[in-house]
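Topology and contacts: notes
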Amino acid sequence: MENVLRPLTVVGGSVVLTLVVGYVADVVLRRADARHHETPLWGLLRRCRLPLQVVLLTALLRGSYRQTKWPVIEDHETGIGQVLSLVLIGASAWLVVRIAAAIVESTYARYASSTRDAARVRRVRTQVTLIMRIVTAVVCVVAAAAMLLTFPDFKTIGTSMLASAGIIGIVAGVAAQSTLGNLFAGFQIAFGDMVRIGDTVVVDGEWGVVEEVTLTFLAVRTWDERRITMPVSYFTSKPFENWSRGGAQMTGTVFFHLDHSAPVGLMREKLKEVLAECSAWDGRDWSLAVTDTTPTTIQVRAVVTAKDADDIWTARCVVREQLVAWLCEKHPYALPRVATSPASLPPDGQWPERGRASARLPRPAEVHSNNADNYVPDGESPNGDSPAAEAPRTGRG
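Given the structure is predicted, the values throughout are model-derived calculations rather than measurements.

**Considerations on the confidence of the model for the protein chain**
For the protein chain, the mean per-residue pLDDT works out to 76, and 69% of the residues sit at or above 70. Of all the helices and strands in the protein chain, helix 8 (residues 165-175) carries the lowest mean pLDDT, 49, while strand 8 (residues 298-306) carries the highest, 92. Contacts of residues 171-176 to residues separated by more than four positions or lying in other chains number 1 contact, the stretch itself having pLDDT below 50. Counted against residues more than four places away or in other chains, residues 386-397, with its pLDDT under 50, gives 17 contacts.

Below is the structure:
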């Protein structure tokens, strides 16, 4: 009878105690969360209930499994103890990561709720995200090392590995220099405030929003829902456009190529009407002016402002669409045209007489030569009886 009751007492008692402690901890955290609405910490800590119960149950079984006196357990005492130790180390790492995540998320939530500057909120969000990834990586590495050290054979191997650690470190550094470069670039991005989660950037001609930042890569979501994954070292070694730096407000331009007879003044009045009805325009500034001219067209530039990159795109599209439609309906003559009729001839008497004997020769001053005094017409010589031996120099080659 004792052989049955003893294992049930050890195992059953450990399980019951674990469930009771987990329930009590959950109740306490729930009440604390109800009392303190200003911080989500206590509510986030409730997610630690499961890893806490695993740690507690494993620790109780690790300390009392020998008391069961079961023959099976006594025959495999070393292996069972090893397994329980590994589970305890893994569960402890899980609990530490959950607690760290709760603290980091709570800190970010309180900061975001009390700060109105969107740029600073994105910067803190990027930093806490990378900090959480670093903490998780460190805890996992430490847990894996602790698990390996529980095996006696690894202790012997570790002594010989330490003797050659210098050579291994050099070889690993050379082989993984790209990975290490990305790792340090990730730290530089996180704490150098170069690019943040939620920033609008242009990289390699692609416009998008930074969606994820890790220690090794950065993901950009484009306007058409594609994801561009780039190494973080790109942002520390190459120039890129960050439209969210210095505030999200933006100024956009719309260019029109029109005929010289385009009614610029009426276009300016129409632009004002279009912007007054456009919800994407923030009302800060607008203008319309002729910025360039060619033999066939003029270039008209409209300038509009908006509160962010999405609205500036919308405002530009609205202005372009409505002004072109208005020109087509009200002023079609202002649209660029291609002339297909023959060119007009000059009046009588103004056409140059080319190829005639009576056409006069150019004067020396007209060719800007440096030997104008010696210049004579073709076919004559300086003394009038023999052809010229040398043509005049014009000074152009």
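Following the structure, the description resumes.
**Observations concerning the pairing of strand 4 (residues 227-231)**
Burial of strand 4 is one-sided: the residues I228 and M230 facing one way are buried, the residues R227, T229 and P231 facing the other way are not. Strand direction decides the pairing type here: strand 3 (residues 217-222) and strand 4, joined by 5 bridges, are antiparallel. Bridging from a neighbouring strand, V220 pairs with I228 of strand 4. Taken together, strand 3 and the strand that follows it, strand 4, pair antiparallel across an intervening segment of 4 residues, in which E225 is found at a positive phi of about 70 degrees.

**With respect to the side chain of T200**
Topologically, T200 is positioned in strand 1 (residues 200-203). Taking the relative accessible area as the measure of exposure, T200 reaches 10% and is therefore buried.

**Details of the packing of helix 3 (residues 49-64) against helix 5 (residues 77-114)**
Packed helices, taken two at a time, are described by the angle between their axes plus the distance between the axes. Look at helix 3 against helix 5: their axes get within 8 Å of each other, and the N-to-C directions meet at 155 degrees. Classified by the interaxial angle, the pair formed by helix 3 and helix 5 is roughly antiparallel. In terms of crossing hand, the pair formed by helix 3 and helix 5 is left-handed. Counting all contacts with helix 3, which are made through L50, P51, L52, V54, V55, T58, A59, L61 and R62, the residues of helix 5 involved are G81, L84, S85, V87, L88, A91, S92, W94, L95 and R98. Split into classes, the residues belonging to the contact of helix 3 with helix 5 amount to 13 nonpolar, 4 polar and 2 charged.

**A closer look at a nonpolar patch on the surface**
A surface patch of nonpolar side chains, about 470 Å² in accessible area, is lined by V16, V20, Y23, V24 and V28. Topologically, V16 is positioned in helix 1 (residues 2-35).

**Considering the pairing of strand 1**
Because side chains alternate across strand 1, one face comprises the buried residues T200 and V202, and the other comprises V201 and V203, equally buried. The turn linking strand 1 back onto strand 2 (residues 206-213) is made up of 2 residues, and D204 within it adopts a positive phi angle of 55 degrees.

**Looking at the nonpolar core**
Across soluble globular proteins, you tend to see nonpolar side chains buried next to one another. One finds F256, L258, M267 and V319 to be the most contacted residues of the largest nonpolar core, which totals 28 residues. Counting only elements with at least two residues in this core, the list comes to strand 6 (250-258), helix 11 (264-276), strand 8 and helix 12 (309-330). In terms of residue count, the dominant contributor to this core is helix 12 (7 residues). Discounting residues that sit within four places of it in the chain, L258 has contacts with M267, T296, T297, I298, V300, L327, A334 and P336. Counting residues in hydrophobic clusters, the runner-up holds 15 residues, among them I197, V201, V213 and V232.

**Regarding the sheet that holds strand 8**
Strand order across the open sheet formed by 3 strands is 6-8-7, with antiparallel pairing between neighbours. The strands lining the two open edges of the sheet, one partner per strand, are strand 6 and strand 7 (286-293). Here the average twist between neighbouring strands, direction ignored, is 25 degrees. The sheet contacts of helix 11 involve strand 6, strand 7 and strand 8, and relative to strand 7 the element is tilted by about 145 degrees. In this fold helix 12 packs onto strand 6 and strand 8, with an angle of close to 20 degrees to the strand it touches most, strand 6.

**Re the layout of surface pockets**
In this structure, the largest pocket occupies an estimated 280 Å³ of space. If you trace the largest pocket, you find it lined by W207, W223, W243, M250, T251, G252, T253, A309, D310, I312, W313 and R316. Among the secondary structure elements, those contributing two or more residues to the lining of the largest pocket are strand 6 and helix 12. Examining the composition of the lining of the largest pocket, we find that 5 residues originate from one element, helix 12, more than from any other.

**Examining the environment of R284**
Structurally, the position occupied by R284 is in the loop between helix 11 and strand 7. Residues R284 and V304, 20 residues apart in the sequence, show an inter-C-alpha distance of 8.3 Å. Those residues in contact with R284, other than ones at most four positions away along the chain, are Q249, M250, T251, T305 and A306. A distance of 3.3 Å separates a polar side-chain atom of R284 from the backbone oxygen of M250. Among the polar contacts listed, one links the side chain of R284 to the side chain of D282, at a separation of 2.6 Å.

**Remarks on the environment of D199**
Turning to its location among the elements, D199 is positioned in the loop between helix 9 (177-192) and strand 1. With a relative accessible area of 0%, D199 lands in the buried category. D199 sits 77 residues away from R122 along the chain, and the two C-alpha atoms are 7.7 Å apart. Filtering out sequence-adjacent residues up to four positions away, D199 remains in contact with R122, G208, V209, V210, N242 and S244. A polar contact is formed between the side chain of D199 and the side chain of N242, at a distance of 3.1 Å.

The rules behind the values
Residues numbered from 1 in each chain as written. Predicted model: local features only at pLDDT ≥ 70, side-chain atom pairs only at ≥ 80, totals over all residues. Heavy atoms only, no water. pLDDT = per-residue confidence, 0-100. Helix = DSSP H or I, 4+ residues; strand = E, 2+ residues; numbered from the N terminus. Contact = heavy atoms within 4.5 Å. Buried < 20%, exposed > 50% of the residue type's maximum accessible area, 1.4 Å probe, protein only. Pairing = 2+ DSSP bridges. Axes fitted to C-alpha atoms, helices over the stretch in contact; angles between N-to-C directions. Parallel < 35°, antiparallel > 145°, perpendicular 65-115°, else oblique. Left-handed = near helix turned anticlockwise from the far one by under 90°. Nonpolar A, V, L, I, M, F, W, Y, C, P; charged D, E, K, R; others polar. Patch = residues over 30% accessible without salt bridge, like charges linked within 9 Å, V, L, I, M, F, W, Y side chains within 5 Å. Areas by Shrake-Rupley, 256 points an atom, 1.4 Å probe, with all protein chains shown as cover. Salt bridge = Lys/Arg side-chain N within 4 Å of Asp/Glu carboxyl O. Core = buried A, V, L, I, M, F, W, Y, C linked by side-chain atoms within 4.5 Å. 1 Å grid on protein atoms, 1.4 Å probe; cavity = no way out; pocket = protein on both sides within 12 Å on 5 of 7 lines; lining within 4 Å. Points joined across faces, edges and corners; volume = space filled by probe spheres on them. Polar contact = N/O pair within 3.5 Å; in protein donor to acceptor, adjacent residues only side chain to side chain.

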